[in-house]
Each structure stands twice: as C-alpha cells, then as structure tokens.
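Here's the letter readout for the chains.
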Amino acid sequence: DSGVTQTPKHLITATGQRVTLRCSPRSGDLSVYWYQQSLDQGLQFLIQYYNGEERAKGNILERFSAQQFPDLHSELNLSSLELGDSALYFCASSVGKEYNEQFFGPGTRLTVL
Amino acid sequence: GQNIDQPTEMTATEGAIVQINCTYQTSGFNGLFWYQQHAGEAPTFLSYNVLDGLEEKGRFSSFLSRSKGYSYLLLKELQMKDSASYLCAVRYGGATNKLIFGTGTLLAVQP
C-alpha cells in the first residue's frame, strides 16, 4: 500500500460524457501527478501539481483538466469522452516538486463504451 | 522529438543476472528513473539517476551515462517475483520539467 488513494476503482461510461477522478496523496506529499496508461501508448505523463499550482504539463488533451485543492487532494476531469480515452489512470505523489521518488496509487480503470 | 528505447521483452533464469538497457534522446536532460510494474498493478519506484555512474540498492543497480544517452538496470540473484515490466523514464526540458516514459521491458524469469 503506497498511501496514495484513488477513487473510483472502476468507471464505465458512454462517449460524450464527463467524469471526475479523485486522488488523495500520501500524508506530507505536496506534489500530485496524473498519468494515463493504455495498451497501445504505454504510460503517459499528463500533468503535475505542486502545493496547489500547476508545475508541469505533459500530453494532456484540452478536453482534460485537473486541479489540486487546498487539502492537497486532486481531481482529474475528463470531458467529451471518446472510445480512445479508455485506459488506466494513475495518480502519484511525492514530497517535493522535482519528481523525486513518486508513489503511485492503485489507479482508476476507465471504460468508455 | 523526445525518444526512449528499451527492448520489448527479455527472458532470464532464476538466480541469474540480467541487464535491461535504455537509450534516450531528449533535450535538457534532468534525470532518469526506473520503475517496476507488475501486470495490473501500479508502478513502483526503483531508482533515480542524475549523475553519471552506478547506483546500487540491494539486488538492483542502475547506471547512467549522460554523454551516451544510456542507462541500464541490473538485477542480480533473480527471483520469480522479479517477473514484471521495467519502465525507463526521463525528466527533460530544463525548467519546463517534463517526463517521458519508455514503453517498458517485459522480463520473464524462468525456473
């Protein structure tokens, strides 16, 4: 158990819909990272927040957005969902802002039908 | 563009040593990570190299040569539980601080 929690564990929805994935970092960690892992594209870094502010941006689509709240939990919002958005979404956390040693949550498996 | 190459699959024998290579081409290199990922599970951190040389941590060691854009992960005294995917990831882009992952090397440890 890494100490990072993600909800929900599984999510099934339809094309065109919007979903919100939630992540709570380990106690004391200020950075939260979001990743997408699909079979054909491997693990893709989406975005990093550090202490409430966006720190780094990867291959995040415009249909996706994220935020980190004052209590340091984070949400990833996915809208206008497409079949290709079906993937495992991981959240990770670390103490500092420079990636360091990241601890991954168990992931949310999103299926878009 | 940014690129990371790793072998797709490797097979090794229990008790042996295996070396998993990673080559990268990125701008503004800031560091290299190795992660282990068992099927259906989250990645777990193994090592982080910023400077050239070898970092040893128990049965696992990681080497970096920045001038050659090359790293390897060395696993000693292989155990069946080491069967997993090993992901190489590079921090790059200087101040923009981006992260790119390789597609992973699937290691199968046989008795």
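Refer to the structure above for everything that follows.
Being a predicted model, the structure only gives us computed values, none of them experimental.

Draft legend 1. Summary view of the packing of aromatic side chains. One pass over the full model with this rule turns up 15 aromatic pairs over all chains. Considering the side-chain rings of F33 of chain B and Y48 of chain B, the 4.3 Å spacing of their centres and the 20° angle between planes classify their relative orientation as stacked. With a gap of 15 residues between them, F33 of chain B in strand β4 (residues 31–37) and Y48 of chain B in strand β5 (residues 44–49) connect regions that are remote in the sequence. An aromatic cluster of three or more residues is present, and its members are Y35, F45, F90 and F104 of chain A together with F33, Y35, F45, Y48 and F101 of chain B.

Draft legend 2. The arrangement of the pairing of strand β9 (residues 87–94) of chain A in detail. All names here are of chain A. For β9, the tally of buried residues reaches 8 of 8 residues, placing the bulk of the element in the interior. In β9, alternate side chains face the same way, and those of A87, Y89, C91 and S93 on one face and L88, F90, A92 and S94 on the other are all buried. In this sheet, β9 lies alongside strand β4 (residues 31–38) in antiparallel orientation, the contact comprising 7 bridges. Along β9, the bridge assignment pairs W34 with C91.

Draft legend 3. Representation of the state of the cysteines in the model. Residues and elements named next belong to chain A. Inspection of every chain in the model, using the stated rule, returns 2 disulfides over all chains. Residue pairing for C23: its cysteine sulfur links by disulfide to C91, the two sulfurs lying 1.7 Å apart. Because the sign of the S-S torsion sets the handedness, a value of about -45° for the bond joining C23 and C91 places this disulfide among the left-handed ones. Residue C23 is located in strand β3 (residues 19–24), and its partner C91 is located in strand β9; the two are separated by 68 residues in the primary sequence. We classify C91 as buried; its relative accessible area is 0%.

Draft legend 4. Representation of the pattern of salt bridges within the structure. All names here are of chain A. Using the criterion set out here, one finds 6 salt bridges over all chains in the structure. R26 is paired through a salt bridge with D29; the nearest N and O atoms lie 2.8 Å apart. Of the residues examined, R26 reaches a relative accessible area of 22% and is grouped as partly exposed. Between R63 and D85 there is a salt bridge, with the nearest N and O atoms lying 2.8 Å from each other. Placement of R63 in the loop between β6 (53–57) and β7 (64–68) and of D85 in the loop between β8 (74–78) and β9 is noted, with a sequence separation of 22 residues between them.

Draft legend 5. Representation of the pairing of β5 of chain B. All names here are of chain B. Here β4 pairs with β5 via 5 bridges, running antiparallel. Paired with F33 across the two strands is Y48, which belongs to β5. Between the antiparallel neighbours β4 and β5 lie 6 residues, among them G40 with a positive phi of about 80°.

Draft legend 6. Representation of unusual backbone geometry in the model. All names here are of chain A. That bond from T7 to P8 is cis: its omega, -10°, falls within 30 degrees of zero. Residue position: P8 is located in the loop between β1 (5–7) and β2 (10–13). Located in the positive-phi region is N51, a residue other than glycine, with phi close to 50°. By the secondary structure assignment, N51 is in the loop between β5 (42–50) and β6. Phi is positive for S80, which is not a glycine, with a value near 45°.

Calculation notes
- Residues numbered from 1 in each chain as written.
- Chains lettered and ligands numbered in written order.
- Predicted model: local features only at pLDDT ≥ 70, side-chain atom pairs only at ≥ 80, totals over all residues.
- Heavy atoms only, no water.
- Phe/Tyr/Trp six-rings, centres within 6.5 Å; stacked < 30°, edge-to-face > 60°.
- Helix = DSSP H or I, 4+ residues; strand = E, 2+ residues; numbered from the N terminus.
- Buried < 20%, exposed > 50% of the residue type's maximum accessible area, 1.4 Å probe, protein only.
- Pairing = 2+ DSSP bridges.
- Disulfide = S-S within 2.5 Å.
- Salt bridge = Lys/Arg side-chain N within 4 Å of Asp/Glu carboxyl O.

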